[in-house]
Protein chains: 2
Amino acid sequence: MNERLFAFVGGNQGRWKVQEMKTLLGPALEEIERIEVVSGPGANAEAKWRLLGVTSHERYVTRPEKTDLVSRQEGLGREASTCAALIPIRKNAAWWAMTQDERREVFEESSQHIQIGMRYLPAIARRLHHCRDLEIQPPFDFLTWFEFAPGDAKAFDDLLAALRATPEWAFVDRECEIRLARKE
Amino acid sequence: MNERLFAFVGGNQGRWKVQEMKTLLGPALEEIERIEVVSGPGANAEAKWRLLGVTSHERYVTRPEKTDLVSRQEGLGREASTCAALIPIRKNAAWWAMTQDERREVFEESSQHIQIGMRYLPAIARRLHHCRDLEIQPPFDFLTWFEFAPGDAKAFDDLLAALRATPEWAFVDRECEIRLARKE
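**Student:** How should the overall build of chain A be read in this particular structure?
**Tutor:** Within chain A, the regular secondary structure consists of five helices and eight strands. Along chain A, from the amino end to the carboxyl end, the secondary structure elements read β-β-β-β-α-β-α-α-α-β-β-α-β. In summary, chain A has a C-alpha radius of gyration of 16 Å against a globular reference of 16 Å for 184 residues, a match within 12%. Taken along its principal axes, the extent of the C-alpha atoms in chain A is 45 × 35 × 30 Å. In chain A, which comprises 184 residues, the proportion classed as buried is 52%. Of all intrachain contacts in chain A linking residues separated by at least 6 positions in sequence, the fraction that spans at least 24 positions is 77%. Roughly 8300 Å² of accessible area belongs to chain A as shown, and the carbon and sulfur atoms make up 51% of that amount.

Below, the structure is given as structure tokens:
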């Protein structure tokens, strides 16, 4: 298995308890009680669903942007980060038909995706997983996992609102949002 | 299964007969007699090996470059294209640690990968398959499949020599080359 593969296993088991599930666009995911985040394919007969994605190299950041991000961001698993969110999204055919320069133009020059995320560092930690080039038919293109402290939940709402107001989001054709709390 | 998934199934069956197998860098692939190119995962108990990859959106071309490519290139499956080559390559960690702007700089501004390929259109048809973000642990990052007429075999050799002489190729840490002829 690809060592960068992660599974988000939805069902009635797992360390993360669902607080709220929303469907912003496209079909809903089946309701679940808990999510377990595992390294590898996460085969689990008791799961209601299982979303797979791989972490990968960055597609859009430039070196100065990356240096800035790396200096500010913190990793997953912080003790105080008892809140999490899983946001699976799919982008439409028009997005994928664009060339790299066109996608970068929408992503950053028009939408400031990187700059918006930067404003919430280090409070909001994130890990992006790519699904589009898996061998399975992926229901989403990206799975983003966020972790933050309860006191930063309002900041996280602001981050989502800012991203969803960008020109980039016109290319999103499926989006779900699952908010979670850590329960050992 | 991902509808962009293709399998290169190596063994003693298939439409393409091996003329020559070369290992340019890294471990060799096991010797085979034939390759079948199939849509999907290509599960086949008789195969000696099976390489999987997905076609995907372009990572480096700009819109003017893409317009130019599309106007000149021809697809696979031409009647006269009785020669083919499969070139699996892997790039090293230094390549994948670069940001998009740095990779584009090496890929095109320094190495002219797109411009070199353009010189051999429409004679040399190609299809690029990505392996790096599959859920299996991929032995290569890319599988490129080329088709051309026997009279263009020398041009194909020149294309390979030109690409291998570029700064981009310093980042290649595994490369094999399989030359094939179509046998119905």
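What follows continues from the structure just given.
**Student:** Before we go on, may I ask you to explain the pairing of strand β4 (residues 49-54) of chain B in this structure?
**Tutor:** Working note: regular strand, side chains alternate between the two faces of the sheet. Residue and element names in this part refer to chain B. In terms of burial, β4 is a largely internal element, five of the six residues being buried. Sheet topology places strand β1 (residues 5-11) next to β4; six bridges connect them, and they run antiparallel. Opposite L5, over in β4, you have V54 as the bridge partner.

**Student:** Whenever I open this one, the side chain of H113 of chain B confuses me. Can you help?
**Tutor:** Residues and elements named next belong to chain B. Looking at where H113 falls in the secondary structure, it is placed in helix α4 (residues 113-119). Taking the relative accessible area as the measure of exposure, H113 reaches 16% and is therefore buried. Setting aside chain neighbours within four positions, we find H113 in contact with F107, E108, L163, E168 and W169.

**Student:** Help me out: how do you make sense of the nonpolar core in this one?
**Tutor:** Taken as a class, soluble globular proteins show a tendency for nonpolar side chains to be buried jointly. Counting 29 residues, the largest nonpolar core has W95, I124, F146, F156 and L159 of chain B as the members making the most contacts within it. For this core, the elements supplying multiple residues, two or more each, are β5 (83-91), α2 (93-97), α3 (100-110), α4, β7 (142-148) and α5 (153-164) of chain B. Per element, the largest residue contribution to this core is five residues, and it comes from α5 of chain B. Grouped together as the second largest cluster of nonpolar side chains are 28 residues, A85, M98, L121 and F148 of chain A included.

Rules behind the numbers
- Residues numbered from 1 in each chain as written.
- Chains lettered and ligands numbered in written order.
- Predicted model: local features only at pLDDT ≥ 70, side-chain atom pairs only at ≥ 80, totals over all residues.
- Heavy atoms only, no water.
- Helix = DSSP H or I, 4+ residues; strand = E, 2+ residues; numbered from the N terminus.
- Rg over C-alpha atoms; globule rule 2.2 N^0.38 Å.
- Buried < 20%, exposed > 50% of the residue type's maximum accessible area, 1.4 Å probe, protein only.
- Contact = heavy atoms within 4.5 Å.
- Areas by Shrake-Rupley, 256 points an atom, 1.4 Å probe, with all protein chains shown as cover.
- Pairing = 2+ DSSP bridges.
- Core = buried A, V, L, I, M, F, W, Y, C linked by side-chain atoms within 4.5 Å.

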